[in-house]
Amino acid sequence: MNDVLEAVSPATSLSGPVTCVSKVELRVACKALLDRDTLNKSDPCVIIMVQTNGQWTELDRTEVIKSNLHPVFAKVLSLDYYFEEVQKLRFEVYDIHGTHSIGTRDDDFLGGVECTLGQIVAQKKMVKPLLLKYGKYAGKSTITVHAEEISGNNGYVELSFCAKKLDDKDLFSKSDPFLEIYRINDDETEQLVHRTEVIKNNLNPVWEPFKVSLISLCSCDEDRKLKCLVWDYDSRGKHDFIGEFYVTFKEMQKISSGNKVTWDCVNPKYKQKKRNYKNSGVVILTEMKLHRVYSFLDYIMGGCQIHFTVAIDFTASNGDPRNSCSLHYINPYQPNEYLKALIAVGEICQDYDSDKRFSALGFGARIPPNYEVSHDFAINFNPEDDECEEIQGVVEAYQNCLPKIQLYGPTNVSPIINRIAKLAAGDGNIKDASRYHILLILTDGVVTDMADTREAIVRASYQPLSIIIVGVGNADFTDMQILDGDDGVLRSPKGEPVLRDIVQFVPFRDFKTASPAALAKCVLAEVPKQVVEYYSHKAISPMIPMRDLLTPILSPVATTPTE
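As the structure is a computational prediction, the values presented were derived from the model and not from experiment.

Thresholds applied
Residues numbered from 1 in each chain as written. Predicted model: local features only at pLDDT ≥ 70, side-chain atom pairs only at ≥ 80, totals over all residues. Heavy atoms only, no water. Helix = DSSP H or I, 4+ residues; strand = E, 2+ residues; numbered from the N terminus. Buried < 20%, exposed > 50% of the residue type's maximum accessible area, 1.4 Å probe, protein only. Contact = heavy atoms within 4.5 Å. Areas by Shrake-Rupley, 256 points an atom, 1.4 Å probe, with all protein chains shown as cover. Pairing = 2+ DSSP bridges. Axes fitted to C-alpha atoms, helices over the stretch in contact; angles between N-to-C directions. pLDDT = per-residue confidence, 0-100. Core = buried A, V, L, I, M, F, W, Y, C linked by side-chain atoms within 4.5 Å. Phe/Tyr/Trp six-rings, centres within 6.5 Å; stacked < 30°, edge-to-face > 60°. Lys NZ or Arg CZ within 6 Å of the ring centre and 35° of its normal. Left-handed = near helix turned anticlockwise from the far one by under 90°. Nonpolar A, V, L, I, M, F, W, Y, C, P; charged D, E, K, R; others polar.

Thoughts on the overall build of the protein
Consideration 1: Helix and strand content of the protein: twelve helices and 26 strands.
Consideration 2: Per-residue burial for the protein yields a buried fraction of 53% across its 563 residues.
Consideration 3: Put simply, of all contacts in the protein between residues at least 6 apart along the chain, 72% involve residues at least 24 apart.
Consideration 4: For the protein, the accessible area works out to roughly 26,200 Å², and carbon and sulfur atoms hold 50% of it.

Written out as structure tokens, the structure reads:
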């Protein structure tokens, strides 16, 4: 399975999923905005909109920056990036008037621009002129959008800053300080990373803790310089400069030994003019929490095994296996739909199981020796060891069992889900990421025990388990969509919601003309996310974390898995 399957929020289509390559962070700045205010300058805010089914809807918005025609916005806009999809975006800039709702007055609009996320990602830094209605240029106004890819292996850091004895810039009150942190790029340009809130009338401010990804803070380079500026806020946008200092993330990590890290906040002009000048106050890093964001491949490469189980529907509605019209008919020249689905999914899963042994179960048939109906039996008829050697062993066991059983009913799948969930619960009690289960259920109709199945799935959502259901044949599978949480949260009959969305349902007929790989890609696309969600919820790290660029950065501080 390639890196693409690490991503989040996959969507499904007939040709397979549109797979999220990664998350992208966007930062926005504007220049030379139109001045709509009579007494002060415009108070701009940028709204980012996304087009879905031809309709524009608001995705997010920046903060409002008071009285500024050249704003650099601090808020980071986070989006999922899909390589195969055209993601149309629109950025609209407004002058905000107090509590007025945006867009209610024509003169609030300062300009907008349309583009695609792919264009921004390809350019990394996109600069475009802002346009008013009917394509008219908004003077010399421009918008700049920076894009940074946030890979699955990133961490993020939570920082807490305070300051002491800052210079007083106000005559009748104390300074209103805020802190800005800029990353200095390789080309010496500066990128705003974070802007704190303003602390009113205080020379010893304690700013709120904030989180930032390591790639945003320092491009995962602990020696990269960061420029920090302290300002006295002015409501008209003419902020008074208090002082600055330079720091690296490597210096910040000195706090891990229990010591606070302190920097002199220096005004270069004062330092040059005043002989005895020391500083304009000090800024202190009081706390730093570092979190590791683990990916699917971190767990797999850390030794997590994927145990694959297949459960096959042997109810009478499949038709007599001896009849060529039966869904279980064994055609010597072409595998039936059950075998196609089994082979397509199983061949991928077997790469992640070192012993290549897979459990193969059946339900809905009368089985020897007493020919009683069973909804949970080993198709190799060995209840002590239901595993088969590799996928080919499962195929052979399936073919061998067909002449020995009587197809019957009903279509009850809850017994097998409960069985595998119980097995997974045993692995779940082991406090490491050593084993995760995938249950593939192949069925030709809607399950009969829907209430019990919903209850079983809710219980199973607490275990290291994902369930894939493939509908075989031409039955009406509408009711089966209930089990797939894509259209809403699945609940038990008593109303209890699933902890995680662990079910993916796909009708095989949607892939009849597609390659087996398309079916496998579709039904397995959500598994990486589900694996990460389970272990993150349990706060379980990979057994042997990947040694990547972040290792030296992350090593000094305890880390936690986070989705």
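Here we look at helix 10 (residues 516-524)
Consideration 1: The complete set of buried residues in helix 10 reads A518, L519, A520, C522, V523 and L524.
Consideration 2: In this structure, the buried side of helix 10 is in contact with helix 6 (337-349), strand 24 (435-443), strand 25 (465-471), strand 26 (503-507) and helix 11 (527-537).

Some details on the sheet that holds strand 13 (residues 225-232)
Strand pairing in a sheet relies on backbone hydrogen bonds. The paired strands run either parallel or antiparallel.
Consideration 1: Ordered by their spatial adjacency, four strands build an open sheet running 11-10-13-14, and the pairing between neighbours is antiparallel. Strand pairing shows two members of the sheet lacking a second neighbour, strand 11 (190-195) and strand 14 (240-248), which therefore form its edges. Taken over all neighbouring pairs, the strand axes of this sheet differ in orientation by 25° on average, direction set aside.
Consideration 2: For strand 10 (residues 177-184) and strand 13, the ladder comprises seven bridges, and the chain directions are antiparallel. Across the sheet, residue P177 finds its bridge partner in strand 13, namely D232.

As for the confidence of the model for the protein
Keep in mind that low pLDDT regions are not for reading the predicted coordinates in detail.
Consideration 1: The share of residues in the protein with pLDDT of 70 or more is 88%, and the mean pLDDT across the chain is 85.
Consideration 2: Across residues 545-563, where pLDDT falls below 50, the model places 60 contacts with residues more than four positions away in sequence or in other chains.

What about the nonpolar core?
Consideration 1: Core analysis: the biggest nonpolar cluster contains 57 residues, and F308, V310, F314, I379, L442, L524 and Y535 have the highest contact counts within it.
Consideration 2: In terms of residues, this core owes the most to one element, helix 6, which gives seven residues.
Consideration 3: When neighbours within four sequence positions are excluded, L524 is seen to be in contact with V345, I348, C349, I438 and I468.
Consideration 4: With 35 residues, the next largest nonpolar core counts V24, C45, I65 and L110 among its residues.

Structural notes on the packing of aromatic side chains
Consideration 1: In the structure shown here, the tally under the stated rule is 16 aromatic pairs.
Consideration 2: Residues W231 and F241 carry aromatic rings whose centres are separated by 5.5 Å and whose planes lie at 65° to one another, so their mutual orientation is edge-to-face. Residue W231 is located in strand 13, and its partner F241 is located in strand 14; the two are separated by ten residues in the primary sequence.
Consideration 3: Aromatic rings pair up to connect F161, F210, F245 and W263 into one cluster.
Consideration 4: A cation over a ring is seen here: K225 above Y246, with NZ or CZ 5.6 Å from the ring centre.
Consideration 5: When the ring centre of Y408 is taken as reference, the NZ or CZ atom of R366 above it lies at 3.9 Å.

So, the packing of helix 6 against helix 10
Consideration 1: Two elements in contact, helix 6 and helix 10, have axes separated by 9 Å at closest approach and are oriented at 65°. Judged by the twist between their axes, the crossing of helix 6 over helix 10 is right-handed. Residues A341, A344, V345, I348 and C349 of helix 6 pack against P516, L519, A520, V523 and L524 of helix 10.
Consideration 2: The residue makeup of the contact of helix 6 with helix 10, split by class, is ten nonpolar, no polar and no charged.

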